[in-house]
Every structure is written in structure tokens, then in C-alpha cells.
Amino acid sequence: MTNKNEQAKEQPPVCDYEGSDYQSSFWDTGTRDYEDGVEAVALKRMLPDSGGELLLEVGAGAGRNTPRYEDFKRIVVMDYSVTQLEQAQERLGASDKYIYVAADVYRLHFVSGLFDSATMIRVLHHMSDAPASLKEIRRTQMPGALFILEYANKRNLKAIFRYLLKKQDWSPYTTEPIEFVDLNFNFHPKMIQNTLADIGYKLRKSLTVSHFRIGFLKRIFPTRFLVWLDSIFQFTAPIIKISPSIFTLSYADGDTPVAAKGSFFICPECKEDIEDTKENGVLTCSCGKKWEYKNGIFNFKQPIS
Ligand SMILES: C[S@@+](CC[C@H](N)C(=O)[O-])C[C@H]1O[C@@H](n2cnc3c(N)ncnc32)[C@H](O)[C@@H]1O
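Rules used throughout
- Residues numbered from 1 in each chain as written.
- Predicted model: local features only at pLDDT ≥ 70, side-chain atom pairs only at ≥ 80, totals over all residues.
- Pairing = 2+ DSSP bridges.
- Helix = DSSP H or I, 4+ residues; strand = E, 2+ residues; numbered from the N terminus.
- Axes fitted to C-alpha atoms, helices over the stretch in contact; angles between N-to-C directions.
- Contact = placed C-beta atoms within 7 Å.
- Core = buried A, V, L, I, M, F, W, Y, C linked by C-beta atoms within 7 Å.
- Buried ≥ 20, exposed ≤ 12 C-beta atoms within 10 Å, placed from the backbone.
- Arc of directions from axis to C-beta.
- pLDDT = per-residue confidence, 0-100.
- Near = placed C-beta within 6 Å.
- Nonpolar A, V, L, I, M, F, W, Y, C, P; charged D, E, K, R; others polar.
- Left-handed = near helix turned anticlockwise from the far one by under 90°.

As summarised here, the arrangement of the 10 strands in space is β8-β9-β5-β4-β1-β2-β3-β14-β13-β12, forming an open sheet in which the pairing is mixed. With partners counted over all chains shown, the strands left at the sheet margins are β8 (201–209) and β12 (282–284), one partner each. Between one strand axis and the next, the sheet turns by 20° as a mean value, whatever way the strands run. Here strand β2 (residues 72–79) pairs with strand β3 (residues 98–102) via 5 bridges, running parallel. Bridge pairing in β3 links V77 to Y100. In the packing of helix α4 (residues 82–92) onto the sheet, contacts are made with β2, β3 and β14 (297–299), and the angle to β3 comes to roughly 165°.

Moving on to the nonpolar core. Core analysis: the biggest nonpolar cluster contains 71 residues, and V77, A118 and F147 have the highest contact counts within it. Considering every element that reaches this core, the biggest residue donor is strand β5 (residues 141–152), with 7 residues. Other than its neighbours up to four places away in sequence, F147 contacts A118, I137, Q141, Y201, S250 and A252.

Of all 7 residues that make up strand β1 (residues 52–58), 5 are buried, and the element is covered over most of its length. Judged from the 6 bridges that link them, β1 and β2 form a sheet pairing that is parallel. Bridge pairing in β2 links E57 to V77. Relative to strand β4 (residues 115–120), β1 runs parallel, the two being bridged by 4 bridges. The partner of V58 across the bridge, within β4, is M120.

When helix α5 (residues 130–139) is considered as a whole, its buried residues turn out to be A130, S133, L134, I137 and R138. Projection of α5 onto a plane perpendicular to its axis shows the buried side chains occupying an angular sector of 140°, all on one side. Among the structural elements, β1, β4, β5, α7 (189–198), β8 and β9 (245–252) are those in contact with the buried residues of α5.

Turning our eyes to something else, we now look at the confidence of the model for the protein chain. Looking at the protein chain as a whole, the pLDDT averages 94, with 95% of positions reaching at least 70. Counted against residues more than four places away or in other chains, residues 1–8, with its pLDDT under 50, gives 3 contacts.

A few words now on α4. Listing the buried residues of α4 in full gives Q84, L85, Q87 and A88. End-on, the buried residues of α4 take up no more than an arc of 155°, which puts them together on one face. Looking at the buried side of α4, the elements it contacts are α2 (22–27), β2, β3 and β14. Residue G93 follows α4 closely and has a positive phi angle near 80°.

Its location among the elements puts N156 in the loop between β5 and α6 (157–164). Measuring from C-alpha to C-alpha, the distance between N156 and F72 comes to 33 Å, with 84 residues separating the pair along the chain. In contact with N156, not counting residues within four places along its chain, are I242, S243 and P244.

Within the structure, the ligand sits among 20 residues, and Y17, G59, G61, Y80 and V105 are positioned closest to it. Partitioning the shell around the ligand into residue classes produces 10 nonpolar, 6 polar and 4 charged.

Each pair of packed helices can be summarised by the angle the axes make with each other and by the distance between the axes. Look at helix α3 (residues 33–46) against helix α9 (residues 223–233): their axes get within 9 Å of each other, and the N-to-C directions meet at 40°. For α3 against α9, the interelement crossing comes out right-handed. Of the residues in α9, those touching α3 at D33, Y34, G37, V38 and V41 are T223, L226, V227, D230 and S231. Classifying every residue of the contact of α3 with α9 gives 5 nonpolar, 3 polar and 2 charged.

Structure follows, in C-alpha cells:
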């Protein structure tokens with residue numbers, strides 16, 4: 001029998017957004033225009049002008065960021081929640097450019113070395129085993145592939161002040177993640193940098209983002225001004241990282257596999273390629289496992305048999 005810790009290691013818990021109104025209640029009210037604006041600036045600074053072939057957007061949610069990847073030929077819009085993907089479909093529309101996949105980032109159903117690009121924005125903070133999720137993304141990327149990762153910074157200015165004023169018992173300086181709410185984690189920049197190096201990424205660039213995510217500043221200053229100010233402060237990353245959010249740009253390093261032409265999905269049970277036949281709304285693996293394809297969404301959350 002496995003104990004609770006061993007089980008958690010095998011299958012880390014998922015912060016489930018199924019049925020969530022995250023997009024409309026968090027982003028569409030207008031109160032987060034500053035955060036959305038500064039993220040757009042950071043992404044633009046990290047994305048290649050020439051785009052790419054195939055991008056994996058991990059935890060895409062309702063597709064808020066997806067239009068920012070328009071220079072890529074194809075985009076896998078991937079999320080654990082089917083309802084988030086349905087919202088993304090409404091936003092992005094039906095097009096061969098988008099491939100919608102419901103799956104758990106800890107168990108990706110893609111062949112190794114498939115993607116030349118990947119992004120993970122506002123998702124790592126839900127990972128109880130961040131290294132395992134990043135390792136699985138790295139597996140799906142070919143050597144030299146680009147990876148843009150956003151993470152919540154534990155060593156942010158507010159946390160430092162709260163700690164010094166004894167209003168917070170955890171230290172922002174220690175490298176282990178802090179779970180401040182159930183399945184919501186902040187990370188120390190050193191821990192993320194070490195993890196990226198350990199699993200085969202070369203860190204090229206960091207940007208500190210969202211320095212002015214403070215209610216009263218957002219109330220008194222126009223959003224455009226704060227976004228402009230943040231866009232200057234983003235370059236302070238090499239000197240000091242005390243913003244609540246950090247963007248990193250890395251490249252897949254090392255002599256790892258490149259996917260064979262035409263292969264795409266694998267079965268996580270037997271690790272064999274699954275043929276993308278979509279017959280009768282079902283993908284069938286040679287091992288007998290079947291996966292649903294319905295209303296344009298590949299559903300790899302659970303096999304249907
Ligand atoms: C805070 S939302 C961010 C959505 C989007 N990236 C954005 O910035 O607007 C986090 C997203 O991560 C997804 N997610 C959480 N855990 C996941 C997992 N284990 N595998 C795949 N997606 C996951 C959630 O379903 C949710 O859509």
C-alpha cells in the first residue's frame with residue numbers, strides 16, 4: 001500500500017477550474033487591465049519575431065494569452081479544464097491553427113521532442129510538484145526549443161516587508177515553495193533557476209513583472225502610465241527580483257529526442273503513438289485504451305475505456 005505522500009508523488013493533485021468563471025470574474029471586469037497589460041509587454045519582449053511551428057500553451061485557461069502567439073503556425077491550447085477550453089474556443093474560433101487538448105501537465109499525451117515552443121503563464125503557482133511538471137514539459141520539447149515560464153515570486157517586496165514587520169511567519173528568503181492557500185504556491189527565484197538548469201533548460205533572460213500591483217496605485221494612476229512604468233522596471237531583473245511575478249525565457253538544452261515526422265499523441269499508459277484517426281469521436285491506442293474527441297477537444301483527462 002502506498003502512503004499519502006507516495007500517492008501525492010505519483011499523481012500530484014490538480015487545482016480544478018472545471019466550471020470556473022475565472023476569466024469573466026478575474027480578467028473581464030477591467031480591474032486587472034494593469035496585470036494583463038504588463039504581461040503583454042513581457043511576452044512581446046520574449047517571443048521571437050519570426051514566431052515558430054508548433055507551440056504548446058500549458059494551462060491556457062480561456063485563451064486570454066493565445067492571440068499573443070499569433071505568429072506561430074499551430075498552437076496546442078492545453079488545459080486540465082474542458083470548460084476553460086470551451087471558453088477558449090469561443091474566443092479563438094474554429095481554425096486548424098488551434099488544437100484543443102484537455103490533459104494534466106504532469107502526464108502529457110504528446111510524443112517526446114514535438115514542440116519548438118512552449119509557454120506556461122500563471123499556472124506554475126498551482127503545482128505542488130513544480131519540478132515534475134516542468135520536466136514533463138521539457139520532455140515534449142525538441143533541443144533548442146523556447147520555453148517562456150511565468151511564476152509567482154515568493155521573495156516579493158510585500159512579503160519581505162510583512163516578514164520584517166512580523167506579520168508573516170514564513171521567510172521570503174528560503175528556497176522552498178510556500179503554499180499560502182490550498183494549491184497556490186509562490187517560488188523562490190533561485191529554486192526555479194536551479195530546477196530549469198537541472199531538467200535541461202538554459203536560462204536566457206528574466207523579466208520582473210507587475211511591480212505596481214497595488215490597489216491604491218491602480219486607483220490613482222492611469223493604467224497606461226503604470227504599464228509603461230512597469231515596462232521599464234522589468235529590466236531590473238538581473239539586479240534585483242522583488243516583483244510578485246517573474247517571466248523567464250529559456251531554451252531546451254542537450255541532445256534529447258526529436259519527434260518523428262507525423263507523430264503527435266502518445267498513450268501515457270503504454271507510451272506508444274496513438275493514431276489521430278478521431279473515428280466516431282474516439283482515439284484508440286493499440287493497447288486498447290480509448291480517449292474522447294468531442295466538439296473539437298481531445299480529452300485525455302481519463303480514458304473512456
Ligand atoms: C490562473 S489560470 C491561468 C490561465 C491562463 N494561463 C491565463 O494566464 O489567463 C490557471 C490555469 O491552469 C490550469 N491548470 C491547473 N492545473 C493544471 C494541470 N495540472 N494541468 C493542466 N492545466 C492546469 C487551470 O485549469 C487554469 O485554467
